[in-house]
Amino acid sequence: IVCMYLNSIKTSKYNFFTFLPLNLFEQFQRIANAYFLFLLILQLIPQISSLPWFTTVVPLVLVLAVSGVKDAIDDFNRHKSDNHVNNRPVQVLINGMLKDEKWMNIQVGDIIKLENNNFVTADLLLLSSSEPHSLVYIETAELDGETNLKVKQALTVTAELGEDLQKLTDFNGEVKCEAPNNKLDNFTGTLALRGEKYALDNEKMLLRGCTIRNTEWCFGLVIYAGPDTKLMQNSGRTTFKRTSIDRLMNVLVLMIFAFLALMCLILAIGNGIWESDKGYNFQVYLPWAEDVTSAPLSAFLMFWSYVIILNTVVPISLYVSVEIIRLGNSFYIDWDRKMYYPLNDTPAQARTTTLNEELGQIKYIFSDKTGTLTQNIMCFNKCSINGKSYGDVYDQSGQRIEINEVKKVDFSYNQLADPKFAFYDHSLVEAVKLNDVPTHRFFRLLSLCHTVMPEEKKEGNLVYQAQSPDEGALVTAARNFGFVFRARTPETITVVEMGETKIYKLLAILDFNNVRKRMSVIVRSPEGDLTLYCKGADTILYELLHSSCESLKEETTEHLNEFAGEGLRTLVVAYKNLDEEYFQDWIKRHHEASTALEGREDKLSEIYEEIEKDLMLLGATAIEDKLQDGVPQTIETLAKASIKIWVLTGDKQETAMNIGYSCNLLYDDMADVFVIEGSTSEDVLNELRKKMKPDSFLDSDEINIQIEKSSKNPKLLPDEQANGVYGLVINGHSLAYALEGNLELELVRTACMCKVVICCRVTPLQKAQVVELVKKYKKAVTLAIGDGANDVSMIKTAHIGVGISGQEGMQAVLSSDFSFAQFRYLQRLLLVHGRWSYIRMCKFLKYFFYKNFAFTLVHFWYGFFSGFSAQIGLDTSYWTVVNQFFIWGSLSVYFAITFTMYSDGMYLILPASFPFVGTARNTLSQPNVWLAIFLSIALCVLPVVGFRFLKALLRPTASDKVRRNFKAKKRPPPPSPKRRLRRTSTRRSGYAFSHQHGFGALIMSGRNMRPKSPFATTGTFSPNSDKYKHKGL
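Being a predicted model, the structure only gives us computed values, none of them experimental.

Colleague: It is not clear to me how the overall build of the chain should be interpreted in this structure. Could you clarify?
Modeller: The helix and strand inventory of the chain stands at 34 helices and 34 strands. Here the chain holds 1033 residues, and 51% of them are scored as buried. As displayed, the chain offers around 50500 Å² of accessible surface, 58% of which is attributable to carbon and sulfur atoms.

Colleague: I'm lost on helix α19 (residues 653–662) in this one. Help?
Modeller: Because an α-helix packs 3.6 residues into every turn, residues spaced three or four apart end up facing the same way. Of all ten residues that make up α19, ten are buried, and the element is covered over most of its length. Those residues of α19 that fall on the buried side of the exposure criterion are Q653, E654, T655, A656, M657, N658, I659, G660, Y661 and S662. Where α19 ends, the next residue or the one after it, N664, has phi of about 70 degrees, a positive value.

Colleague: Would you take a moment to explain the sheet that holds strand β3 (residues 111–115) for this structure?
Modeller: Paired through backbone hydrogen bonds, the strands of a sheet run either parallel or antiparallel to each other. The strand order across the open sheet built from six strands is β2-β1-β3-β12-β4-β10, with neighbouring strands paired in antiparallel fashion. Two strands in the sheet have a free side with no partner beyond their single neighbour: β2 (97–102) and β10 (205–206). By the bridge criterion, two bridges tie strand β1 (residues 89–94) to β3 in an arrangement that is antiparallel. Across the sheet, residue Q91 finds its bridge partner in β3, namely K113.

Colleague: Please clarify how the UniProt feature "transmembrane region" (unreviewed entry) in the chain should be interpreted in this entry.
Modeller: UniProt tags residues 28–45, 51–69, 251–274, 294–320, 847–865, 877–899 and 930–954 as "transmembrane region" (unreviewed entry). The span residues 251–274 is 100% helix and 0% strand, and its two end C-alpha atoms sit 34 Å from each other. The straight-line gap between the two end C-alpha atoms of residues 930–954 is 35 Å; of that span, 100% is helix and 0% is strand.

Colleague: Just to check I follow, could you spell out the packing of helix α8 (residues 244–277) against helix α27 (residues 825–863) for this structure?
Modeller: Put simply, α8 and α27 touch, their axes get as near as 12 Å, and they point 5 degrees apart. On the basis of the axis angle, α8 is roughly parallel to α27. Note on element contacts: α27 touches α8 through Y838, M841, C842, L845, F849, F853, T856, L857, F860 and G863, opposite I245, M249, L252, I256, F259, M263, I266 and L267. Along the lines of polarity and charge, the residues of the contact of α8 with α27 split into 16 nonpolar, two polar and no charged.

Colleague: Can you help me understand the confidence of the model for the chain in this one?
Modeller: Should the pLDDT be low somewhere, the predicted coordinates at that spot are not to be read in detail. Summarising the model, the chain shows a mean pLDDT of 80, and 81% of its residues fall at 70 or more. Ranking the elements of the chain by mean pLDDT puts helix α34 (residues 1026–1029) last, at 47, and helix α12 (residues 437–448) first, at 94.

Colleague: Whenever I open this one, the sheet that holds strand β11 (residues 211–213) confuses me. Can you help?
Modeller: Strands sit in the order β6-β5-β11 across an open sheet of three strands; the sheet is antiparallel. Each edge of the sheet is formed by a strand with only one pairing partner; in this case those strands are β6 (149–153) and β11. Shown here is a sheet whose adjacent strand axes are inclined to one another by a mean of 45 degrees, direction ignored. Where strand β5 (residues 135–139) meets β6, five bridges bridge the pair, whose relative direction is antiparallel. Its bridge partner being in β6, I138 is matched across the sheet by K150.

Colleague: What's the story with a nonpolar patch on the surface in this structure? I'm lost.
Modeller: Taken together, L262, I266, W861, Y862, F864 and F865 make up a surface patch of nonpolar side chains, about 650 Å² in accessible area. Going through the elements one at a time, α8 and α27 are the ones with two or more residues in the nonpolar patch. Relative to the assigned elements, I266 resides in helix α8. Residue classification places I266 among the partly exposed positions, given a relative accessible area of 37%.

Colleague: Sorry, what's going on with the packing of aromatic side chains here?
Modeller: What characterises a pair of aromatic rings is the spacing of the ring centres plus the angle enclosed by the ring planes. This model, assessed by the stated rule, comprises 27 aromatic pairs. Relative to W335, the ring of F331 lies with its centre 5.2 Å away and its plane at 10 degrees, an arrangement referred to as stacked. Within the aromatic cluster, the residues linked to one another by ring pairs are F380, F411, F421, F423, F442, F443 and F481. For the cation-ring pair, R88 lies above W103, with the distance from its terminal atom to the ring centre recorded as 5.0 Å. In this structure, K433 is placed above the aromatic ring of Y413, and the distance from its NZ or CZ to the ring centre is 4.4 Å.

Colleague: How should I be thinking about the nonpolar core in this particular structure?
Modeller: A general trend in soluble globular proteins is that nonpolar side chains are found buried together. Counting residues in each nonpolar core, the largest one holds 60 residues, and the members touching the most others are F380, F411, F443, L446 and F481. Counting only domains with at least three residues in this core, you end up with domain 1 (88–234) and domain 3 (374–395 + 407–626). Sequence-distant contacts of L446, defined by excluding residues within four places in its chain, comprise F380, L474, V475, A478, V573 and T621.

Colleague: Is there a simple way to explain the environment of L126 in this structure?
Modeller: Looking at where L126 falls in the secondary structure, it is placed in strand β4 (residues 123–129). For the pair L126 and I111, spaced 15 residues apart in sequence, the C-alpha separation works out to 9.8 Å. Once residues within four sequence positions are removed from consideration, L126 is found in contact with S134, V136, K152, Q153, A154, T158, K204, L206, C218, F219 and G220.

Colleague: Any chance you could explain the packing of helix α20 (residues 681–689) against helix α23 (residues 744–752) here in plain terms?
Modeller: Each packed pair of helices is defined by two parameters, the angle between the axes and the distance between the axes. Contact geometry for α20 and α23: axes closest at 10 Å, N-to-C directions at 35 degrees. The hand of the α20/α23 crossing is left-handed. From α20, L685, L688 and R689 reach across to α23, where they touch E746, L747 and T750.

Colleague: What's the story with the pairing of strand β9 (residues 196–200) in this structure? I'm lost.
Modeller: Strand direction decides the pairing type here: strand β8 (residues 189–193) and β9, joined by five bridges, are antiparallel. The partner of L191 across the bridge, within β9, is Y198. Counting the residues in the hairpin turn of β8 and β9 gives two residues, including R194, whose phi is positive at 55 degrees.

Colleague: Explanation requested: the state of the cysteines in the structure shown.
Modeller: By definition, a disulfide links the sulfur atoms of two cysteine residues through a covalent bond. For the structure shown, the criterion picks out zero disulfides. Here C760 is not disulfide-linked; the sulfur of C759 is the nearest cysteine sulfur, at 7.3 Å.

Colleague: How do you make sense of the pattern of salt bridges when you look at a structure like this?
Modeller: As a working rule, side chains carrying opposite charge can pair if their charged atoms are close by. Counted according to the given criterion, the structure contains 19 salt bridges. With a closest N to O distance of 3.2 Å, D75 and R78 form a salt bridge. With D75 and R78 both in helix α3 (residues 54–86) and three residues apart, the pair spans about one turn of that helix. Judged by relative accessible area, which is 4%, D75 ranks as buried.

Colleague: Whenever I open this one, the side chain of R479 confuses me. Can you help?
Modeller: With respect to the helices and strands, the residue R479 is situated in helix α13 (residues 469–480). Of the buried charged residues, R479 lacks a salt bridge, with D418 as the closest side chain of opposite charge at 4.5 Å. Setting aside chain neighbours within four positions, we find R479 in contact with N414, L416, A417, D418, G460, L462, Y464 and V484.

Colleague: Just to check I follow, could you spell out the environment of T353 for this structure?
Modeller: Tracing the backbone shows T353 in the loop between β13 (349–350) and β14 (362–367). A C-alpha to C-alpha distance of 8.7 Å links T353 and G328, two positions 25 residues apart in sequence. The residues contacting T353, other than those within four sequence positions of it, are K70, E323, R326, L327 and S330.

Colleague: Help me understand α20, please; the structure alone is not making it clear to me.
Modeller: Restricting attention to buried positions, one finds in α20 the residues S681, V684 and L688. Down the axis of α20, the sector holding all buried residues measures 65 degrees, keeping them to one side. Close packing links the buried residues of α20 with β29 (672–676), α22 (732–738) and α23.

Colleague: Sorry, what's going on with unusual backbone geometry here?
Modeller: When glycine is set aside, most residues are seen to have a negative phi, and most peptide bonds are trans. In this structure, M498 is a non-glycine residue whose phi angle is positive, near 50 degrees. Its relative accessible area of 12% is what places M498 among the buried residues. The phi torsion at R761 lies on the positive side, around 55 degrees, for a residue other than glycine. Here R761 is to be found in the loop between β31 (756–760) and α24 (764–777). With relative accessibility at 32%, the residue R761 sits in the partly exposed group.

Colleague: What is the right way to read the side chain of H833 from this model?
Modeller: Relative to the assigned elements, H833 resides in helix α27. The buried category is assigned to H833, whose relative accessible area is 8%. Excluding residues that lie within four positions of it along the chain, H833 makes contacts with Y332, I333, D336, M339 and R828.

Conventions used here
Residues numbered from 1 in each chain as written. Predicted model: local features only at pLDDT ≥ 70, side-chain atom pairs only at ≥ 80, totals over all residues. Heavy atoms only, no water. Helix = DSSP H or I, 4+ residues; strand = E, 2+ residues; numbered from the N terminus. Buried < 20%, exposed > 50% of the residue type's maximum accessible area, 1.4 Å probe, protein only. Areas by Shrake-Rupley, 256 points an atom, 1.4 Å probe, with all protein chains shown as cover. Pairing = 2+ DSSP bridges. UniProt positions renumbered as here; feature names shortened; annotations may be inferred. Axes fitted to C-alpha atoms, helices over the stretch in contact; angles between N-to-C directions. Parallel < 35°, antiparallel > 145°, perpendicular 65-115°, else oblique. Contact = heavy atoms within 4.5 Å. Nonpolar A, V, L, I, M, F, W, Y, C, P; charged D, E, K, R; others polar. pLDDT = per-residue confidence, 0-100. Patch = residues over 30% accessible without salt bridge, like charges linked within 9 Å, V, L, I, M, F, W, Y side chains within 5 Å. Salt bridge = Lys/Arg side-chain N within 4 Å of Asp/Glu carboxyl O. Phe/Tyr/Trp six-rings, centres within 6.5 Å; stacked < 30°, edge-to-face > 60°. Lys NZ or Arg CZ within 6 Å of the ring centre and 35° of its normal. Core = buried A, V, L, I, M, F, W, Y, C linked by side-chain atoms within 4.5 Å. Domains from an automatic or database assignment. Left-handed = near helix turned anticlockwise from the far one by under 90°. Disulfide = S-S within 2.5 Å. Lys, Arg positive; Asp, Glu negative; His and termini not counted. Arc of directions from axis to C-beta.

Okay, structure coming up:
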């Protein structure tokens, strides 16, 4: 290992000693600040200055102080965040003993110990763990947004070290690995130990940002630390963000500089002419200044004198006023009660005060999925069993009842039930209690056909560790309805069925992958029956059903269409009773296929398909990936504002598409939803060129001609319209090719013609690259919103970054410009605060430039009547005084009067001067006072309103004419609500894709099994017992 960085991270920009010089250096890079510094230097030269130096110093210091304080507060918060992370404790192996050490002191080569639910300190090589065969379960939500468990396993040679501190201290291996990089799914290295070399890959690595789950302890060797870790390599750089108003102001300031120079040049030439023609003859009582010996020299000095006098045309107070207005707009966001989330006491927060007006100009939104659009909570919502649908509740007349009007099912009879589980259809519980055979078989399948790992540290307190949140939801549903999965070994599965403990022999797990789209288990019941249970995608399982299931298949399909139309994630379940003789023959051939040296995967696939035939259909399940409240409505409203939404997620393609349909990003009325999944550059290019407007990529296309004529520098692409409404879905592998130089233009053209773009399986760096691509080729303001550390790079890259304070930590919030607790608040942030901030700023700038030009041109015109002598026409000293008096004085007087009139405390201080306590309150309680106020306001306002009404009626502007025509038109009927998807097979069975490959082989090998739980063989309840017989549901 070559790099020897400490593990500390730094996101701050300054320290105590560098703040002043660095901050001043940054501030004087602004044209206006540098200009006023130059002006101050001119005012120190007595020959050309006619104004005191403090007239420039005071406002300049005020501007620098306001900006400096704001930058200091922002950087102080970054220091606090860095210190919090760097000072986290971790146990380090030092001289044969475990000692507590801070994260920032960890170095490459240290051996550290992590425990359950700990964050991984640095990028580690896993050495050993508490689990069998040194397995470690981790959650990678901070890296890729996924909360399902992943498994890592140590090398056998290091697993032998266990938790023996002496052996770990004596560990003397040499690791050679690749240089630090940002590839989360790839690692290459070797371990040299005792003269042998062992290959290292990503399956042996624990990356910083992961969380240890379901593992008591593990030891790891630090490979990458601090800025070299893959998480930090993906974080991206903090960029200085400017608004379009800032850029416009810079252009205006440059134009005003040119105008100022022109005015000064005209006045200087006039002075030279006047002094040579007139002034030379009047030096007796209008003498030239010292050291002025000629008219040209006088003209040169007068040029700089007028630069000082006419400096108000470039007012430094402009920047002070703009910063104050922005600060006020930020307070409006902070104080907005409609953006306050009471459940976790989280208000909206404007973390920067310089981007408020840019919120009203957003055209592209780049959003994370997990935790941003969704709550990442899977709930068993509905099901179909033997042709009957469960989940909806109906009244006596057959009308559907809203769930919030119905009491939840009472599962108190089941002592092993999960108290958090909620279900509202009481008829399903009745079917279970009546021992309905299909219903029992349905829940028995859910309790057996999975790869979930149970944990029961206290009797009856079951915790399921699922590879996928979908599986956890299905097993939890079976648990509550009386089929409790309680324990497993490599050979058995223990289930408590309706209070009776049964142990099933697990004979085979037919694991699923993205090709099979299903999984099966073969078990032997305590009665000796052989059964295959299968669940998977409906499109796949329907082809494997027995011909006798046709009528049931049609009924189940109708229910599937209803479930999918509501955005639920569905899958079909089926079973098959096996013949003993056939199974014995099959299991032998299965063993031969599983041990084949060549073509093992193909042979296993053939064996699986052979036995998964003539299945008997049981029904279907529907799981809800809960969206955050108001997400569909928010997306629909933003779409009406012509804002395009791109979803960038690390999840699987089908999972992301299911959420796309659930939240109205994708819908039935779209002309098509294209999927880009090419595995080579050529495939990706061909897929991009076939989408929507194939003619747009011909050489005769106007935009192509424009691109060919342009130089190598990137040019902004005009907006193109497709011949319909389309959606685009692209996976991370194809996106890597599409982001290459020769394809990025075609990607951005195709994607920007789509109404919705979903990028799946993308890394944090790819998220930032997609945002950068749109910024590069489109003249549009972008916004990125996310809630995890994997979104930080994207948030930093976009023009505006929004962080959601969710379940994945505060990294996104700390890197953001604005933060709040729910996605739905984005609508108010953009369409209310953004628009109002932009309107306020534009009105202010119009007035401000008008005021300053009016004041400055008076001095310019006065120069023609004062011999171009740089005399002041209006005393500028009063200018500042009047401004300050009317701004601060009026506010102070108002608050002073209000305080005096309303304060009871003032009476206690000066009872002789304020004998009437609460006079104002008493006065305002009388109706005649309010009538007088109303009449006064009406008399003042009516003339103005009447004038504007008559002006709009008699001399209407273009806007008035358009508004009048719009009102004259008949209002169109409201659009009919969008129909939900009725039958789209790719929408369903999102479960089958929620993880790439199952834990089947791992479970059957027994490598991940702990000793059997002492509670796993005892039954504790029976719903049919006398105790619960008469208990209501």
